[in-house]
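Report on the structure
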Amino acid sequence: MSKRLANIAWETFSALPLTEKTPYLMQPDGVPYHTLFAQQFDYALLDQLATLANEIRAIAKTRVGAEFLRQQVTHKRAMLYFSQPSSRTFLSFVSACQILGVQTGEVRDTAISSEFKGESREDSVRTFSSYFDLIIMRTPEKGLAEHMAWVLSNSDRPIPIINAGSGQDQHPTQSLLDIYTLLRSFERGGGLRDKTMVFCGDLLRGRTVRSLSYLLTNYPNIRQIFVAPEPLQVGTDVLAILEQKGVPFLRTDNFHAAIREADAVYMTRIQDEWDNAKGESAAIDTSRFKFGPAELALLPPRAIIMHPLPRRDEIALAVDSDPRAMYWRQMRNGMWIRTALIAMTFGCEKRIHDYFRHNH
Ligand code: CP
C-alpha cells in the first residue's frame, strides 16, 4: 500500500475527507483491501469489477466452471458479523463465499456472543481475526467498520473488512450491485451515461441512496432527481457532493413528473427503525411516494424500476410482472458483484480472467 493504516493515528485518519482516506484502504494494484465506502470506487475500478462479475457468472454456468471457481480461495475463511438484521446482504455474501470456496462463520446476535458479557467491539473483532481471514460486517453504528479496519491494521493480524452496511451512513456493496444492475440494463441502451435517475422514498435515512448517488457521479451526465416528502428529503451532505462535482440534480415532491423523465426509478422503504420518537415516520404522509399501476403507466418504455429491498408497500405487487421491474434481478446481481469483490480482495482476479479467456 502506498499509504498504510498502520502508519497513521486513528484521530488523524478519521478526520480526513473520505476521498483522502481511500489511498489507505487500497492494495498496491489499486483494488480494495478494506471496502468501507463508495468513495473508494472510480469509473475504472467499477468497470473492472463489473467485467469480473460478468466473467464469474458466465463461468459458474457449467459444473466444470463452478468447480474451477470453488478452488480459488479454499485457503481463506470469512466471518460474517451482522449485528443488524439482513436477508439479502447476508445470504448473498454467504453465497459469494461458497462460489469461491471460502468457508464462513457468523455472529448475527451479540446476545449470544461474548459482547453480552461486556466484551468491547474492538476485542470482538480482534477475536474474529484470530480465526478468520476476512470480516464482513453490518452494524447500526456509523463508522464502526472504518474504526475496526484501523484497529485490525494496527494489530498483529491485519485482515480486510468489508462494510455490509453501517448505520444510516454507507452501504457500499449495495451501491456496487446497483451500478452493476444499471450497467447491465443499459448495455444496449447507450450505456450508463446521459441518464436520469429518480430516487424516491426515505432519502434522508437510506444509506443505499447516499452510496449510489456518489457512485453515479463517476458516469457522464447522469441527472439525479430526489423525490420525497420534505421531512425525508435527501441530506445536504449528498447534495454538497453533487454541487461540488457539477452533477445536475433536483429536489421535488412531484413523483409523477419525475417518473415521466426517468431512465431508472430507485424506490426505497420508509426507514422507521431510525425514528427518534415512536410514530415519527407514521405521522408523515407518504401516500404520494408509492409505485403502482398508475405510475407504471407513466414510466418510459425503456426505463427500469429498482429497489434495494426489503419493500413494504412502496411498490405494488402488480408491478412485479412488468419487464421493467428490475429489483429481483438486482438482488441476484448482488451475489455476482460481491463474489467479484471478494475475488479481487484475495487477488484471484487474473486467474479468473485467464480461465474465462481460454474457455469462453
Ligand atoms: N438491501 C439490503 O441491504 O437488504 P438486507 O437488509 O436484506 O440485507
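Conventions used here
Residues numbered from 1 in each chain as written. Predicted model: local features only at pLDDT ≥ 70, side-chain atom pairs only at ≥ 80, totals over all residues. Heavy atoms only, no water. Helix = DSSP H or I, 4+ residues; strand = E, 2+ residues; numbered from the N terminus. Rg over C-alpha atoms; globule rule 2.2 N^0.38 Å. Buried < 20%, exposed > 50% of the residue type's maximum accessible area, 1.4 Å probe, protein only. Areas by Shrake-Rupley, 256 points an atom, 1.4 Å probe, with all protein chains shown as cover. Lys, Arg positive; Asp, Glu negative; His and termini not counted. Charge placed at Lys NZ, Arg CZ, Asp CG, Glu CD. Pairing = 2+ DSSP bridges. Axes fitted to C-alpha atoms, helices over the stretch in contact; angles between N-to-C directions. Right-handed = clockwise from strand over helix to strand, strands pointing away. Core = buried A, V, L, I, M, F, W, Y, C linked by side-chain atoms within 4.5 Å. Domains from an automatic or database assignment. Contact = heavy atoms within 4.5 Å. Parallel < 35°, antiparallel > 145°, perpendicular 65-115°, else oblique. Left-handed = near helix turned anticlockwise from the far one by under 90°. Buried area = accessible area lost by both parts, 1.4 Å probe. Salt bridge = Lys/Arg side-chain N within 4 Å of Asp/Glu carboxyl O. Near = heavy atom within 4 Å. Polar contact = N/O pair within 3.5 Å; in protein donor to acceptor, adjacent residues only side chain to side chain. Disulfide = S-S within 2.5 Å.

**Notes on the overall build of the protein chain**
Within the protein chain, the regular secondary structure consists of 14 helices and nine strands. Taking 21 Å as the expected radius of gyration for a compact globule of 360 residues, we find that the protein chain reaches 20 Å, a close match to that expectation. A buried classification covers 58% of the 360 residues belonging to the protein chain. Carbon together with sulfur atoms contributes 51% to the accessible area of the protein chain, which is approximately 15700 Å² in total. Distance between charge centres in the protein chain, computed from 42 positive and 40 negative side chains, equals 6 Å.

**Observations concerning unusual backbone geometry**
Here the amide bond leading from Leu-309 into Pro-310 is cis, since omega sits at 5 degrees, within 30 degrees of zero. Along the chain, Pro-310 falls in the loop between strand S9 (304-306) and helix H13 (327-345). In this structure, Asp-194 is a non-glycine residue whose phi angle is positive, near 55 degrees. The topology assignment puts Asp-194 in the loop between helix H8 (172-185) and strand S5 (196-200). Accessibility expressed as a relative area gives 47% for Asp-194, which makes it partly exposed. Here the phi dihedral of Asn-221 falls at roughly 55 degrees; this positive angle occurs in a residue that is not glycine. Looking at the element boundaries, Asn-221 is found in the loop between helix H9 (207-216) and strand S6 (223-227). Asn-221 sits in the partly exposed class, given a relative accessible area of 48%.

**Some remarks on the sheet that holds strand S1 (residues 77-82)**
Read from one edge to the other, the open sheet built from four strands follows the order S2-S1-S3-S4, with strand pairing classed as parallel. Only two strands of the sheet have a single partner each, and these edge strands are strand S2 (103-107) and strand S4 (161-166). Here the strands of the sheet are splayed against their neighbours by 15 degrees on average, with no regard to which way each runs. Examined bridge by bridge, strand S3 (residues 134-139) and S4 share four bridges and lie parallel to one another. By the bridge assignment, Ile-135 is partnered in S4 with Ile-161.

**Looking at the pairing of S4**
Among the six residues that make up S4, six are buried, leaving the element largely enclosed by the rest of the structure. After leaving S3, the chain enters helix H7 (residues 144-153) and then returns to the sheet as S4, a path that is right-handed.

**Details of the nonpolar core**
Core analysis: the biggest nonpolar cluster contains 71 residues, and Ile-136, Met-197, Ile-342 and Ile-352 have the highest contact counts within it. When residues of this core are assigned to domains, at least three map to each of domain 1 (5-171 + 334-350) and domain 2 (174-332). When neighbours within four sequence positions are excluded, Ile-136 is seen to be in contact with Ala-78, Met-79, Leu-80, Tyr-81, Phe-82, Phe-93, Cys-97, Ile-162 and Ala-164.

**Quick look at the packing of H8 against H13**
As a packed pair, H8 and H13 sit with axes 8 Å apart at the nearest point and diverge in direction by 115 degrees. With respect to their mutual orientation, H8 and H13 come out roughly perpendicular. Crossing geometry of H8 relative to H13 is assigned as right-handed. Contacts from Thr-173, Gln-174, Leu-176, Leu-177, Asp-178, Tyr-180, Thr-181 and Arg-184 in H8 reach Gln-330, Asn-333, Gly-334, Trp-336, Ile-337, Arg-338 and Leu-341 in H13.

**So, the domain arrangement of the protein chain**
Structurally, the protein chain comprises domain 1 (5-171 + 334-350) and domain 2 (174-332). Between the C-alpha centres of domain 1 and domain 2 the distance comes to 26 Å. In this complex, domain 1 contributes 30 residues to the contact, which on the side of domain 2 involves 24 residues. Approximately 2500 Å² of surface area, both sides summed, lies buried where domain 1 meets domain 2, with 56% of it carried by carbon and sulfur atoms. Considering only the side of domain 1, the residues that lose the most area to domain 2 are Arg-88, Gln-168 and His-171, jointly responsible for 29% of the buried surface there. Inspection of the region where domain 1 meets domain 2 yields zero salt bridges. Counting residues per element, the ones that place at least two in the side of domain 1 that touches domain 2 are helix H3 (43-59), S3, S4 and H13.

**Things to note about the site of the ligand**
Residues in close proximity to the ligand include Ser-86, Ser-87, Arg-88, Thr-89, Arg-138, His-171, Gln-174, Pro-308 and Leu-309, which together make up its full environment. With respect to the ligand, the side chain of Ser-86 contributes an N or O atom lying 2.6 Å from an oxygen atom. Contacts to the ligand include Thr-89, whose side-chain N or O atom sits 2.6 Å from an oxygen atom. Taking 250 Å² as the accessible area of the ligand by itself, protein coverage stands at 91%. Two domains share the shell around the ligand, each providing at least three of its residues, namely domain 1 (5-171 + 334-350) and domain 2 (174-332).

**As for the environment of Ala-15**
The topology assignment puts Ala-15 in the loop between helix H1 (10-14) and helix H2 (18-21). Along the backbone, Ala-15 and Arg-88 are 73 residues apart, and their C-alpha atoms lie at a distance of 32 Å.

**Considering the state of the cysteines**
Enumeration over the complete set of coordinates arrives at zero disulfides. No disulfide involves Cys-97; its sulfur sits 11 Å from that of Cys-348, the nearest cysteine. The exposure class of Cys-348 is buried, given its relative accessible area of 1%.

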